[in-house]
Amino acid sequence: MDHETLRADIPALEHGIYLNTGAGGPSPRPVVETIESSLESHEYDAPTGEGMYAAASSSLDRAKTAVADLIGARETEIALTQSTTDGINRVAGAFDWDERDVVVRTDLEHPAGILPWRRLERTRGTEVRVLETEEGKLDLEAAKDALEGATLLVVSSITWTHGTRLPIEELVELAHDADARVLVDAVQSPGQTTVDVTDWGADFVVGAGHKWLLGPFGAGFLYVREGAERECVPGAIGYRSVTDASAHDYEYAPGAGRFEVGTTSPALYDGLAAAIDYHQELGTEAIESRIVDLTEYLTDGLPDSALCSPREFESGLVTIDVPDPEATVDRLAEQDVAVRSLSYPDAIRASVHAFNTRDDLDALLEALKR
């Protein structure tokens, strides 16, 4: 792939070395230009043209199609959200939880995959089991034991703490054997690796465009496996949730549509679709190949004692042990190198994307020696 063209398309890279895509990816110019054009069209042309609601609906449909194509789903299985956190909360709000229910999560989940279940624990008495891991890995036998009598398994496809890939297909099989549903936090996957939700078999998958896809903040998605929505009564309802908003005896929209509520900005979802199109033009395999090469270059430059992530490639997230993570992040920022700190493990994390270069990684390695 032509990474120089990609770099030239991202204005943020003119101001420093960016190694924090796992938190938020800087958008290329074509994505931002699409958002600007969409907003102008919606506010200037649509009111006296096709109409603002019709124009917005067309934009949302385009975004759903783009997401569905990206992750191997049907368009009817996609609901648009604001973020991964939003998607998780929509699922959490769609069931009538009580003290008989059990949620199983790993100890590596993002707060987005922890707080909704703590709330249920506090307000509904729902049991939350935490599946312990070691160095970003989990034991399938331990998972099988934890899933006995469970209602829902919550798991990340790529851990934000270690950059490890968890065995989603195997976990889904174990959960379904235990009559538990599965919710996958996949936000670290699309944009750096191929995702096929059909292969995974999970009931729900959440993600967003603002990380590895280099899309805008505020545009996420929720995949709902066909049929999984039938047991769901979302906690919020609006005209997008139902087939006829004027009907007294309303019926929920088919598929994932029942998880959508009402009016939202079409511009951000046009931006999401543009980011996916841009990603597809570059090619997922080409992007991942470059991420593999660069990540291995970085890990080769780190001693075993400093590397918290696997030495053998699993993702572009590389967690590095340093004496004072927050101070190290600040010190690196003074040298125009952007990374982030983690509270668990107590370390810093560098995110390696296809727009990065070996020079970027050399600068990080050199700065860590000082």
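Residues numbered from 1 in each chain as written. Predicted model: local features only at pLDDT ≥ 70, side-chain atom pairs only at ≥ 80, totals over all residues. Heavy atoms only, no water.

K.L.:
Describe the pairing of strand 5 (residues 152-156), and please don't skip the residues or the numbers.
P.N.:
In the case of a regular strand, side chains alternate between the two sheet surfaces. Summarising burial for strand 5: five of the five residues are buried, a large majority. On strand 5, burial covers both faces: Leu152, Val154 and Ser156 on one face and Leu153 and Val155 on the other are all buried. Two elements, strand 3 (residues 102-106) and strand 5, share three bridges in a ladder whose sense is parallel. When the sheet's bridge partners are listed, Val103 is paired in strand 5 with Leu152. Two elements, strand 5 and strand 6 (residues 181-185), share five bridges in a ladder whose sense is parallel. Bridging from a neighbouring strand, Val155 pairs with Val184 of strand 6. (Buried < 20%, exposed > 50% of the residue type's maximum accessible area, 1.4 Å probe, protein only. Helix = DSSP H or I, 4+ residues; strand = E, 2+ residues; numbered from the N terminus. Pairing = 2+ DSSP bridges.)

K.L.:
Any details on the sheet that holds strand 11 (residues 340-342)? Residues and values, ideally.
P.N.:
As summarised here, the arrangement of the three strands in space is 9-12-11, forming an open sheet in which the pairing is antiparallel. Taken across any chain shown, the strands that pair with only one partner, and hence form the sheet edges, are strand 9 (317-320) and strand 11. Direction aside, the axes of adjacent strands within the sheet are offset by 35° on average. Here strand 11 pairs with strand 12 (residues 347-351) via three bridges, running antiparallel. (Axes fitted to C-alpha atoms, helices over the stretch in contact; angles between N-to-C directions.)

K.L.:
So what about the nonpolar core? Which residues, and what values?
P.N.:
Judged by nonpolar contacts, the single largest core of 42 residues is most densely connected at Ile71, Ile78 and Val184. With seven residues, the single largest contributor to this core is helix 3 (residues 52-71). Once you skip the residues sitting within four places of it in the chain, Val184 turns out to touch Val155, Ser157, Ile168, Trp200, Ala202, Phe204, Val205 and Val206. One finds Val91, Leu183, Ala228 and Phe259 within the second-largest nonpolar core, a separate group that totals 23 residues. (Core = buried A, V, L, I, M, F, W, Y, C linked by side-chain atoms within 4.5 Å. Contact = heavy atoms within 4.5 Å.)

K.L.:
Could you give an account of the packing of aromatic side chains, with specific residues and numbers?
P.N.:
As enumerated under the stated definition, the model contains five aromatic pairs in all. Between Trp97 and Trp117 the ring centres are 6.0 Å apart and the planes differ by 70°, which places this aromatic pair in the edge-to-face class. Linking Trp97 in the loop between helix 4 (84-92) and strand 3 with Trp117 in helix 5 (residues 115-123), this pair joins segments that are 20 residues apart in sequence. Each member of the pair, Trp97 as well as Trp117, is classed as buried. For the pair Tyr250 and Tyr252, a centre-to-centre distance of 5.7 Å together with 85° between the ring planes defines the contact as edge-to-face. Given the relative accessible area of 46%, Tyr250 is considered partly exposed. An aromatic cluster is built from Phe95, Trp97, Trp117 and Phe204, whose rings are joined through pairwise contacts. (Phe/Tyr/Trp six-rings, centres within 6.5 Å; stacked < 30°, edge-to-face > 60°.)

K.L.:
Outline helix 5, listing residues and values.
P.N.:
Taken together, the buried positions of helix 5 are Pro116, Trp117 and Leu120. Down the axis of helix 5, the buried side of the element spans an arc of 95°, and every buried residue falls inside it. Along helix 5, the residues that are exposed and aim more than 90 degrees away from the buried face are Leu115, Arg119 and Arg122. Turning to helix 5, the residues buried within the fold contact helix 4, strand 3, strand 4 (127-131), strand 5 and strand 6. Where helix 5 ends, the next residue or the one after it, Gly125, has phi of about 75°, a positive value. (Arc of directions from axis to C-beta.)

Treat this as a map of the structure, not an account of what it does.
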